[in-house]
Amino acid sequence: MSKLDHTLYAFTQDNPGGPVLQYVDDEPAPIELSTDPAGNPTRAGLIGYAIAYAIAFGAAAYFLLI
């Protein structure tokens, strides 16, 4: 869903021709695993996911054990 870019509007509201109205997509891009042209996950993508899950698990364990 698109929404008005309030930052751009605020910076340009004093323009003699009127403010610039720009709509931006407010939905974040989906996070996907990196794949090669054949569709197989890359080694770097798998290592990145392993590191991310290890950090997330470590942070959750840290806060649960405090």
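Residues numbered from 1 in each chain as written. Predicted model: local features only at pLDDT ≥ 70, side-chain atom pairs only at ≥ 80, totals over all residues. Heavy atoms only, no water.

Asks: Please give an account of the packing of aromatic side chains that cites residues and values.
Replies: Throughout the structure, instances matching the rule amount to two aromatic pairs. Ring plane angle 50 degrees and centroid distance 6.0 Å describe the contact between Y49 and Y53, whose orientation is recorded as tilted. Taken as a pair, Y49 and Y53 lie in helix α2 (residues 43-65) at a separation of four residues, close to a single helical turn. Given the relative accessible area of 31%, Y49 is considered partly exposed. Seen in terms of ring centroids, Y62 and F63 are 5.2 Å apart; in terms of plane orientation they differ by 75 degrees. Their pairing is edge-to-face. (Phe/Tyr/Trp six-rings, centres within 6.5 Å; stacked < 30°, edge-to-face > 60°. Helix = DSSP H or I, 4+ residues; strand = E, 2+ residues; numbered from the N terminus. Buried < 20%, exposed > 50% of the residue type's maximum accessible area, 1.4 Å probe, protein only.)

Asks: Account for the environment of T42, naming residues and giving values.
Replies: On the secondary structure map, T42 appears in the loop between β2 (23-25) and α2. T42 sits in the partly exposed class, given a relative accessible area of 23%.

Asks: Which residues make up a nonpolar patch on the surface, and what values go with them?
Replies: Taken together, the side chains of Y9, L21 and Y23 define a hydrophobic patch exposed on the protein surface, amounting to about 330 Å² of accessible area. Within the element layout of this structure, L21 appears in the loop between α1 (6-12) and β2. (Patch = residues over 30% accessible without salt bridge, like charges linked within 9 Å, V, L, I, M, F, W, Y side chains within 5 Å. Areas by Shrake-Rupley, 256 points an atom, 1.4 Å probe, with all protein chains shown as cover. Salt bridge = Lys/Arg side-chain N within 4 Å of Asp/Glu carboxyl O.)

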